[in-house]
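Residues per chain, in single letters:
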Amino acid sequence: MSDFVPTATINFFEPVVRLFIKDLGAETYGNVNFFTIAKYQDLARKMGLKSFLIEDITFNTLPTYKILKEFPVFSDSPANQKTNNIFEWVTRLGLLRYLILSASME
């Protein structure tokens, strides 16, 4: 699976960040949550999965933000523009990573 995963730094400030991004992204990125790597690993263990791999593809996704700004869902909606800009800013600051997470029975 792939997901935006917050770093430990942003997790430390989660209550403040939650206030700032309340309902942010609901239209374009889905509900914003703080599902950490530790939470994903715990979920995998509870499901009986043992091997857990993480691939950080954040750098590969950065050009997407510029392209998204050209789509009507972003260009026609100031709220969606703001969402995209915040996600880009937070990602470029290294506070949010885009990861591929995989787990197996092995």
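Anything mentioned here points back to the structure above.
Nothing here was measured: the structure is a model prediction, and the numbers come from that model.

Trainee: I keep staring at the sheet that holds strand 1 (residues 2-6) and nothing clicks. Help me out?
Mentor: The strands making up a sheet are joined through hydrogen bonds of the backbone, oriented either antiparallel or parallel. Reading across the sheet, the three strands line up as 1-3-2 and stay open at both edges, with antiparallel pairing between neighbours. Each of the sheet's edge strands pairs with one partner strand only, and the pair in question is strand 1 and strand 2 (51-56). Sheet twist, expressed as the mean angle between neighbouring strand axes with direction ignored, is 40 degrees. The pairing of strand 2 with strand 3 (residues 96-104) spans six bridges and is classified as antiparallel. The residue of strand 3 that forms the bridge with glutamate 55 is isoleucine 100. Across the sheet, helix 3 (residues 37-46) lies against strand 1, strand 2 and strand 3, angled at about 150 degrees from strand 2, the strand it touches most. Contacting strand 1, strand 2 and strand 3, helix 4 (residues 58-68) runs over the sheet at an angle of about 130 degrees to strand 3.

Trainee: Can you help me understand a nonpolar patch on the surface in this one?
Mentor: On the surface, Ile67, Phe71 and Val73 cluster together into a nonpolar patch covering about 270 Å² of accessible area. Inspection of the secondary structure assignment puts phenylalanine 71 in the loop between helix 4 and helix 5 (72-75). With a relative accessible area of 44%, phenylalanine 71 lands in the partly exposed category.

Calculation criteria
- As a convention, each chain's residues are numbered from 1 in the sequence order in which they are written.
- At least 70 in pLDDT is required for a residue's local features to be given in this predicted model, at least 80 for side-chain atom pairs to be given and counted, and no such filter applies to totals for whole chains, interfaces and linings, which use all residues.
- Only hydrogens and water are set aside; all other atoms, that is, all heavy atoms of the structure, feed into the side-chain values.
- Paired strands, in this sense, are two strands between which DSSP finds at least two bridges.
- Each helix is a run of H or I in the DSSP string that is no shorter than four residues. Each strand is a run of E no shorter than two, and both are numbered from the N terminus.
- Note on geometry: axes are lines fitted to C-alpha atoms, helical ones only across the stretch in contact, with angles between N-to-C directions running from 0 to 180 degrees.
- Working rule for contacts: check all heavy atoms of both residues, and any pair within 4.5 Å makes them a contact.
- Patch construction takes residues with relative accessible area above 30% that form no salt bridge. Like charges are linked within 9 Å, and nonpolar side chains (Val, Leu, Ile, Met, Phe, Trp, Tyr) are linked within 5 Å.
- Accessible surface is estimated by sampling points in the Shrake-Rupley manner with a 1.4 Å probe; for residues, cover comes only from the protein chains shown.
- Salt bridge, as applied in this entry: a Lys or Arg side-chain nitrogen positioned within 4 Å of an Asp or Glu carboxyl oxygen.
- Throughout this description, buried means an accessible area under 20% of the type-specific maximum (1.4 Å probe, protein chains only), exposed means over 50%, and partly exposed covers the range between.

Everything listed here is a matter of geometry and, on its own, says nothing about what the molecule does.
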